[in-house]
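Observations on chain architecture
Okay, here's what each chain looks like letter by letter:
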Amino acid sequence: MTTLREFTCDDLWKFNKVNLDPLTETYNMSFYLLYLAQWPEYFTVAESSSGNLMGYIMGKVEGTGDDWHGHVTALTVAPEYRRLGLANQLMGELEHISDKQHEGYFVDLFVRKSNDVAIGMYKGLGYDIYRKVIGYYSGEYPEDAYDMRKSLSRDTGKVKMKPLGRDIYPHELERW
Amino acid sequence: MVKPDDVKTSLDEGRNTAALQQATLLLKKDKTNPEAKALKGLALVRLNRDDEADEIVKELRSMTIEDDDSIQTVMMCYREHGAYRDIRNVYETRYKKNPDDLELAAQYFMSMVRVGDLDVLPKVAMDMHRKSKSNTYYFWAVMIQYIQGRTKRAAGDAAGGTIHLTMALRLLERAVDDESFEMSREGLRLYTMVLQEMDKFEDILALLDKDAGAGYGPKRLLPEGREVTQMKINCYKRLNRHADIIATSTPTIQDGSDDWTAYTNVMDAAVALNEAGDSSFTFAQVDGLLSAAFGKATTQDKPQRAPLLACLEWHARMRARGDAAHTPAVPAPLEAFVALFKATGAKRCMFFDTKPYVSLMDDATQRKFLDECSAWMEADGAEEPESKRVLRSSLLALYRRFMGRHHDDDADTDALHRDLVEKFNAAKPCGADLKPSELQYSDTYALLAAHVAVDAFARTDDRAHVDRAIKLLEDAITASSSNPQLRLLIVKLLCLQGRVYEAVPHWEALQVKQIQYDSIGYVFFDHAARLGAYDTALSLLEGAATFTRSCEVDVPEFLCRSFLYGSFHKYEEFVRCQEKLHRSLQLASVVCERFLLNFVRTKFTRARVTSWLQFIVSTLPPPSALDDEKTFSDNSQAEVMDSSDPQARSPTSGDFERMKTARFNYFRVRYLLVQTVASLVLSRQSLAERAEALVDAIARGAVLTAAEEACAAAVASPDQPDLETIHAVIEVLSLVSFTVSIVQEWISGDAVLKQPNGEPVRVNKTVRQTVRALAEAFHAVVVNKDQAMARVQGVLSTAEEAAKTPSYKSSLKAFRAAFKSSNH
């Protein structure tokens, strides 16, 4: 009993049961408002029949030429609503928008190297590890990240998700 | 020698104190240097010293600034201080001098959007469109007409609104008729917004159809998907085309989808048809559709929740319609509940999903549900992994509490608590391999046992029960550190006991920040300062103040971004967001509390206090705003803590409203106190006399009135006061204590408030004695409630006697009248 809908400003006051999870970052207002203003179609919330926010996904579209792609900025599900396939639904929505509306070549995301559960889920959705970004995560728990990609229908040869074959450092990341 | 670039470097590197010193040095050389002033203003803003920054902005406003470097710095100062009207004025002057400068025109346009000055904008936008030939500016003009139309309609000017909307529609029609005009996705969405506002829903459907046939360009602008489907459904609803809604949603249900809107759309449509006397889709057909989806779901290994819950929703809707309504021929509530238990009973969501529907089962059926589920676990569920069995068992325990089994007259609370603790301990090992980021399977038992212990405290008034609950929760947290519900409950229980310092690490572990200051900050804000955790309270208040200031500066910027990115439908959402933050009760409280705490904790100069108070008085709504609770927006999320209490005992919307009113009343007292201090500090005449009168007023008026009411309720109660009542008393008395601490500062002469000759402010002796006794009584309440109650009552009696003297009566009467006029 999921209702997927566009995230609204009012949801910022209601998302605490999702965001009190220690691994979910609560950003400043500008960050959320930027996504709402620039990529509203990429900011989707899953709501239960009783009106509880179960999880949400934030993303954007960026890049140039055949690097034009959808990007997953944040994906989180409240503890009570995990293991129900909600993350799959939210990812499916973002992929659909990237594919049909923006005609991107692929979707990419970054995930902590130690987050086996998430990596397994993304692999199950068709994502592959494109490259490792050494020291991508800083702060209290510094760690490497995997840059994972999934080609969309426009990348017929699945060229954009073929592993790069080498690790990179954050300063080598593309500035879209 | 300091140069402006040095200050800028310090600011860039976050060395704001150094920047302030450098800017001050620059100004010593040239007091009229606008760039130096602006840099000082920037440093002050970044140091959260808004009141002093405000003074700088006022000075800059009166200066004539010509050179570009200075203008840019001044604009940055204006922006970071949120002085958007000043930015508008600068751009207006510059635009009028250079009307052909497209970039300047765009900046002028945006500066007007930020402050909501829209009247001249259609012309500015159309000028930009003509000069640039960019359709972007054309849509800006349409959007401004749309906003003006909506605004006028909302203000009751229907005719004026229609003129603007008609203008917007004509602009769009003209664009579509012009073959050379390239329609964009954003433009098409704007078109649907205008049509919707004019109730032209058939036109929206036609527009979507035309787009589906690539009628607006080489390819479709709005591809098939959730957005378009929802647009169509909305139109069908407004046009009463219920059959179309059913036709759109039925295949989704037949697929066994989890899309809840499909189910509710069909139910809504069937009810609407029924009420219109239309039998084209009967309730029996809804029954058939839902029963088929239910049957299909129960045969699947991993069924979706929606088909199972939809039956319960349909029962609930039919029951709400009354006796004469249709009796749904879908699986009965018991069958649906049991099916849900089998399918999702090992998921934590089932309880939250089904809470609204438990009342569909009578008491006997509820028992049957519990029995059937237990029996199923012993039979078919016996082979399940232990973790799943723990989750299922704890779910049934949750239902037992929610169904009132923990509160039966014959319930043995001690035995119940022991049983839950045993189950908690027994369940712990099966979560040994879980990661710290995952919730432990045993957590539900710990939470339930803690609630049962609090129940026992409420019944016996033995605080050992609460201590037991806290200890158990702390034990649970060692294995399940990421479970926010465990921490929220500990924070609440510790604060209720006045053990605020012990609550601090749990609160900090929740990492509440940014918008959460506004929504759930109350969980701890409401206690921290009142119970003496001043340092933690100040830290929280500083964080919240930084958040507030960043919102004031940043949110208006996104009104512009909605134009820049063509997300026109977000404009009004951002306006409402801005309004919600601006009217926030929590953030207004932060302004008051931050001042009051700093005032008593820090030795400021009189000039600093004066400047701060002037800023607060100009920022907060006038005292008359206190007459209406609706002036402020209570943005707290009361539902952040889970509740498994029976419906009869669960907080109702009325309870939440009362909590909000209580919070508003507390704010009102604090706000009055700030206003009182302000009038004391800002008054230029007979300070000593005013001080005495105002101290009398505070001590005898607002504070004692509140204290009297709370204490009277607690002391006069024939029963032992419950936890909530004690909490209320502690809160009110801590309010007294805190207020009194300020008064005492004045009395002792330690505070900055002294007479012009340096002597302490003179205060009536009886007031001094009363406030001191009350402060002592407060601390006694925290330490020993029973003894303290008697003391509080004694103090109040003494105060009542004192209040009969003529010197009290006049100030008391006026203050109480003002205070009581707003529901107190």
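From a predicted model like this one, the values you see are computed outputs, not experimental measurements. For every chain, the first residue of its written sequence is number 1, and the numbers climb from 1 along that sequence. In the order they appear in the text, chains get letters beginning with A and ligands get numbers beginning with 1. This being a predicted model, a pLDDT of at least 70 is required before a residue's local features are given, and a value of 80 or more before pairs of side-chain atoms are given or counted; all residues contribute to the totals for chains, interfaces and linings. Processing note: side-chain calculations cover all non-hydrogen atoms of the structure and skip hydrogens and water entirely.

Here we come to the overall build of chain A. Only DSSP runs of H or I reaching four residues or more are called helices, and only runs of E reaching two or more are called strands; each is numbered from the N terminus. Assigned secondary structure in chain A consists of four helices and seven strands. From first element to last, N terminus to C terminus, chain A shows the α and β order β-α-α-β-β-β-α-β-α-β-β. Only protein chains enter the area calculation, which uses a 1.4 Å probe; residues under 20% of their type maximum are buried, those over 50% are exposed, and those in between are partly exposed. Per-residue burial over chain A gives 58% buried out of 176 residues. Contacts were defined at the residue level, with two residues in contact if any of their heavy atoms lie within 4.5 Å. Put simply, of all contacts in chain A between residues at least 6 apart along the chain, 61% involve residues at least 24 apart. For the accessible areas, the method is Shrake-Rupley and the probe is 1.4 Å, while residue cover comes only from the protein chains on display. About 7100 Å² of surface is accessible on chain A, with carbon and sulfur atoms providing 49% of the total.

Turning our eyes to something else, we now look at the pairing of strand S7 (residues 143-151) of chain A. Residues and elements named next belong to chain A. With eight of nine residues buried, S7 is to be regarded as a mostly interior element. Two strands are counted as paired when DSSP detects at least two bridges linking them. Relative to S7, strand S5 (residues 106-112) is paired through seven bridges, and the arrangement is antiparallel. Its bridge partner lying in S7, Phe106 is registered against Ser151. Pairing of strand S6 (residues 128-137) with S7, which is carried by six bridges, proceeds in the antiparallel orientation. Within the sheet, the bridge partner assigned to Val133 lies in S7 and is Ala145. Between S6 and S7, which pair antiparallel and follow one another directly, the connecting turn spans five residues, one of which, Gly139, has a positive phi of 85°.

Opposite charge on two side chains permits pairing when their charged atoms draw close. For this analysis, a salt bridge means a side-chain nitrogen from Lys or Arg found within 4 Å of a carboxyl oxygen belonging to Asp or Glu. Scanning all chains against the criterion turns up 60 salt bridges over all chains. Arg131 of chain A is the salt-bridge partner of Asp147 of chain A, the closest N and O atoms lying 2.8 Å from each other. With a gap of 16 residues between them, Asp147 of chain A in strand S7 and Arg131 of chain A in strand S6 connect regions that are remote in the sequence. Just as Asp147 of chain A is buried, Arg131 of chain A falls in that class too. Among the salt bridges present, the one from Arg150 of chain B reaches Glu572 of chain B, with a minimum N-O distance of 2.5 Å.

Turning our attention to the interface of chain B and chain A. Contacts between chain B and chain A engage 59 residues on the former and 54 residues on the latter. Take the accessible area each of two parts loses on contact, using a 1.4 Å probe, and add the two losses: that sum is the buried area. Of the roughly 4700 Å² buried between chain B and chain A, counting both surfaces, carbon and sulfur atoms make up 56%. Taken together, chain B and chain A are joined by seven salt bridges. For Arg226 of chain B, the salt bridge is made with Glu93 of chain A, and the minimal N-O distance between the two is 2.6 Å. The term polar contact refers here to a pair of N or O atoms within 3.5 Å; inside protein, the definition further demands a hydrogen-donor-capable atom paired with an acceptor-capable atom, and it admits residues adjacent in sequence only when both atoms are side-chain atoms. At the boundary of chain B with chain A, the tally comes to 26 residue pairs in polar contact (both at pLDDT 80 or more). Among the elements that take part in the side of chain B that touches chain A, helix H29 (residues 534-564) of chain B stands out by supplying six residues, more than any other. For the side of chain B that touches chain A, the residue count by class is 24 nonpolar, twelve polar and 23 charged. Side-chain classes are defined by residue name, with Ala, Val, Leu, Ile, Met, Phe, Trp, Tyr, Cys and Pro counting as nonpolar, Asp, Glu, Lys and Arg as charged, and the others, Gly among them, as polar.

The rule is short: rings of Phe, Tyr and Trp, with Trp giving its six-membered ring, pair when the centres are within 6.5 Å, and they are stacked under 30 degrees, edge-to-face over 60, tilted in between. Enumeration over the complete set of coordinates arrives at 41 aromatic pairs over all chains. Ring geometry for Phe110 of chain A against Tyr136 of chain A: centres 4.5 Å apart, planes inclined by 15°, an arrangement best described as stacked. Of the two residues, Phe110 of chain A is situated in strand S5 and Tyr136 of chain A in strand S6; the sequence distance between them amounts to 26 residues. Counting every residue linked through ring pairs, the aromatic cluster contains Phe7, Phe15, Tyr27, Phe31, Tyr32, Tyr35, Trp39, Phe43 and Tyr56 of chain A. By the criterion adopted, a ring carries a charge over it if an Arg CZ or a Lys NZ lies within 6 Å of its centre and within 35 degrees of its normal. We note Arg112 of chain A situated over the ring of Tyr137 of chain A; from NZ or CZ to the ring centre the distance is 4.4 Å. Lying across the ring of Phe341 of chain B, Arg392 of chain B places its NZ or CZ 5.2 Å from the centre.

To continue, consider the nonpolar core. Residues and elements named next belong to chain B. The set of buried Ala, Val, Leu, Ile, Met, Phe, Trp, Tyr and Cys residues whose side-chain atoms join them within 4.5 Å is what this entry labels a nonpolar core. One finds Phe109, Phe369, Tyr399, Phe524, Phe563 and Leu581 to be the most contacted residues of the largest nonpolar core, which totals 264 residues. If one sorts the elements of this core by residue count, H29 sits on top with 14 residues. All the domain ranges listed were derived from an automatic or database domain assignment. The residue makeup of this core includes at least three contributed by each of domain 1 (1-81) and domain 2 (601-820). Excluding its chain neighbours within four sequence positions, the residues that come into contact with Phe369 are Leu334, Phe337, Val338, Phe341, Met350, Met361, Tyr399 and Met403.

A few words on the sheet that holds S6 of chain A. Within a sheet, neighbouring strands are paired by backbone hydrogen bonds and run either parallel or antiparallel to one another. Residues and elements named next belong to chain A. Taken together, the seven strands give an open sheet; going across it, the order is S1-S2-S3-S4-S5-S7-S6, and neighbouring strands pair in mixed fashion. Among the strands making up the open sheet, the edge pair consists of strand S1 (3-6) and S6. Adjacent strand axes in the sheet meet at a mean angle of 25° when their direction is disregarded. What counts as an axis is a line fitted to C-alpha atoms, over the stretch in contact for a helix, and the angles between N-to-C directions run from 0 to 180 degrees. The strands touched by helix H2 (residues 29-38) within the sheet are strand S3 (53-62) and strand S4 (69-77), with S3 carrying the most contacts at an inclination of about 70°.

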